[in-house]
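# Survey of secondary and tertiary structure
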Amino acid sequence: MDFNVKRLAADAGTFLSRAVQFTEEKLGQAEKTELDAHLENLLVRAENTKQWTERIMKQTEVLLQPNPNVRLEEFVYEKLEKKAPTRMNNHELLGQSMIESGNEFGPGTAYGNALIKCGETEKQIGGAEREFIHSSAINFLTPFRNFLEGDFKTILKERKLLQVKRLDLDAAKTRLKKARMADARAAAEQELRMTQSEFDRQAEITRLLLEGVSSTHAHHLRCLNDFVEAQTTYYAQCYQYMVDLQKQLGSFPSSFSNNNQSSVSGGASISVPTIPVSASLPNPSGRGSSAASGGFSELRSSSGSRKARVLYDYDAASSSELSLLADEVITVSSVSGMDSDWLMGERGNQKGKVPITYLELLN
């Protein structure tokens, strides 16, 4: 019990001595041992590394999950060490809605079929996004978080201990200056040597930890490369999915093609990047080239007839047209003076104009 009281009194005295030294330094009444310039620069670099790591990590989390409520939920589950419930992302939800609506309108119709194909592609993009988020969280966010919650906390701990050792050293210097008796001066000099040794040792420990920030930068550089590679893979997958979808939609009737071509060509100020595969993609606005494919031009130049398979349902807009059902086979022929986008179709006793974009000539 007597030992504990003495130890408590000694600790209280040390704490009071540090508080007095700190206060006098703030008031300019005591000298302060300055750290060497190299150590100060290392401290500044470590603090900057911490601040920018926090900022980059925060913005990356926003990029990967824009919904703040979902981010908060994931944070809570992480602290509880539980797995967050799996939910569909926005691309997957959109894809699901498109597929359901396509089935409602009918997979045999052009619009329904297009909706289903778009929905399947959106789901593929959603899956790619999920893989990108998972990869980025493991290879990019986790190392950044480990630095903040591990290495930098150790640096802060040793930096705080260095501050304590500095206060002890300066307090010992002050007591030596105030000592008048020989015994007091001898004791003060011994205390000064001890506190100087402890301060130097702690400064070296802190310096080694701070120099380790260079290794942290090198590690974060590798993580950054992994993040860029994950982004490259993700965007390349999305691009390929959309190119494949564009090819599929390009085979649909021209009346279902998008209007972006005309709007882009009309805006001279819009710069459209060149897509390498565009040469192999169908031209939805080039009806003449569509008509030339599959032998339509030969059919129009002859007086004969051909069998053709119907690609999509078609509802006749007037009594001069013939309604069509997907996958049925009809006879088509060319009539002089008829628009190049149309042929005369026959089904039994029924006869009427049919659009060539809904047909596939059979050999």
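Scroll up for the structure.
Residues numbered from 1 in each chain as written. Predicted model: local features only at pLDDT ≥ 70, side-chain atom pairs only at ≥ 80, totals over all residues. Heavy atoms only, no water.

## Details of the pattern of salt bridges
- Tallied over the full model, the rule gives 12 salt bridges.
- With a closest N to O distance of 2.3 Å, E191 and R175 form a salt bridge. Pair noted here: E191 is in helix 6 (residues 182-211) and R175 is in helix 5 (residues 110-178), with a separation of 16 residues, a long-range link.
- Classification of E191 as partly exposed rests on a relative accessible area of 25%.
- Judged by relative accessible area, which is 34%, R175 ranks as partly exposed.
- The partner of E360 in a salt bridge is R309, with the nearest N and O atoms 2.7 Å apart. You can see E360 sitting in strand 5 (residues 359-361) and its partner R309 sitting in strand 1 (residues 305-310), a full 51 residues away along the chain.
- A network of salt bridges, in which partner residues are shared, links E204, R207 and E211. (Salt bridge = Lys/Arg side-chain N within 4 Å of Asp/Glu carboxyl O. Helix = DSSP H or I, 4+ residues; strand = E, 2+ residues; numbered from the N terminus. Buried < 20%, exposed > 50% of the residue type's maximum accessible area, 1.4 Å probe, protein only.)

## Side note on the packing of helix 4 (residues 90-105) against helix 5
- Orientation of helix 4 relative to helix 5, taken along the N-to-C sense of each, is 160°, at an axis distance of 7 Å. Of the possible angle classes, the one that applies to helix 4 and helix 5 is roughly antiparallel. Seen from above, helix 4 lies across helix 5 with left-handed handedness.
- Considering only residue class, the contact of helix 4 with helix 5 consists of nine nonpolar, 10 polar and six charged. (Axes fitted to C-alpha atoms, helices over the stretch in contact; angles between N-to-C directions. Parallel < 35°, antiparallel > 145°, perpendicular 65-115°, else oblique. Left-handed = near helix turned anticlockwise from the far one by under 90°. Nonpolar A, V, L, I, M, F, W, Y, C, P; charged D, E, K, R; others polar.)

## Considerations on empty space enclosed by the protein
- Summed over the entire model, instances satisfying the criterion amount to one cavity of 30 Å³ or more.
- If you add up the space inside the largest cavity, you get close to 30 Å³.
- Taken together, L43, A46, F152, I155, L156, R159 and L210 make up the lining of the largest cavity.
- Mapped onto the lining of the largest cavity, the elements with two or more residues apiece are helix 2 (37-64) and helix 5.
- Sorting elements by how many residues they give to the lining of the largest cavity places helix 5 first, with four residues. (1 Å grid on protein atoms, 1.4 Å probe; cavity = no way out; pocket = protein on both sides within 12 Å on 5 of 7 lines; lining within 4 Å. Points joined across faces, edges and corners; volume = space filled by probe spheres on them.)

## Here we look at the packing of aromatic side chains
- Applying the stated criterion across every chain, the model contains 10 aromatic pairs.
- When the ring of Y312 is compared with that of Y358, the centres are 6.1 Å apart and the planes differ by 85°; the resulting orientation is edge-to-face. With Y312 in the loop between strand 1 and strand 2 (329-333) and Y358 in the loop between strand 4 (350-355) and strand 5, this residue pair connects regions lying 46 residues apart in the sequence. For the residue pair Y312 and Y358, the accessibility class agrees, reading buried in each case. (Phe/Tyr/Trp six-rings, centres within 6.5 Å; stacked < 30°, edge-to-face > 60°.)

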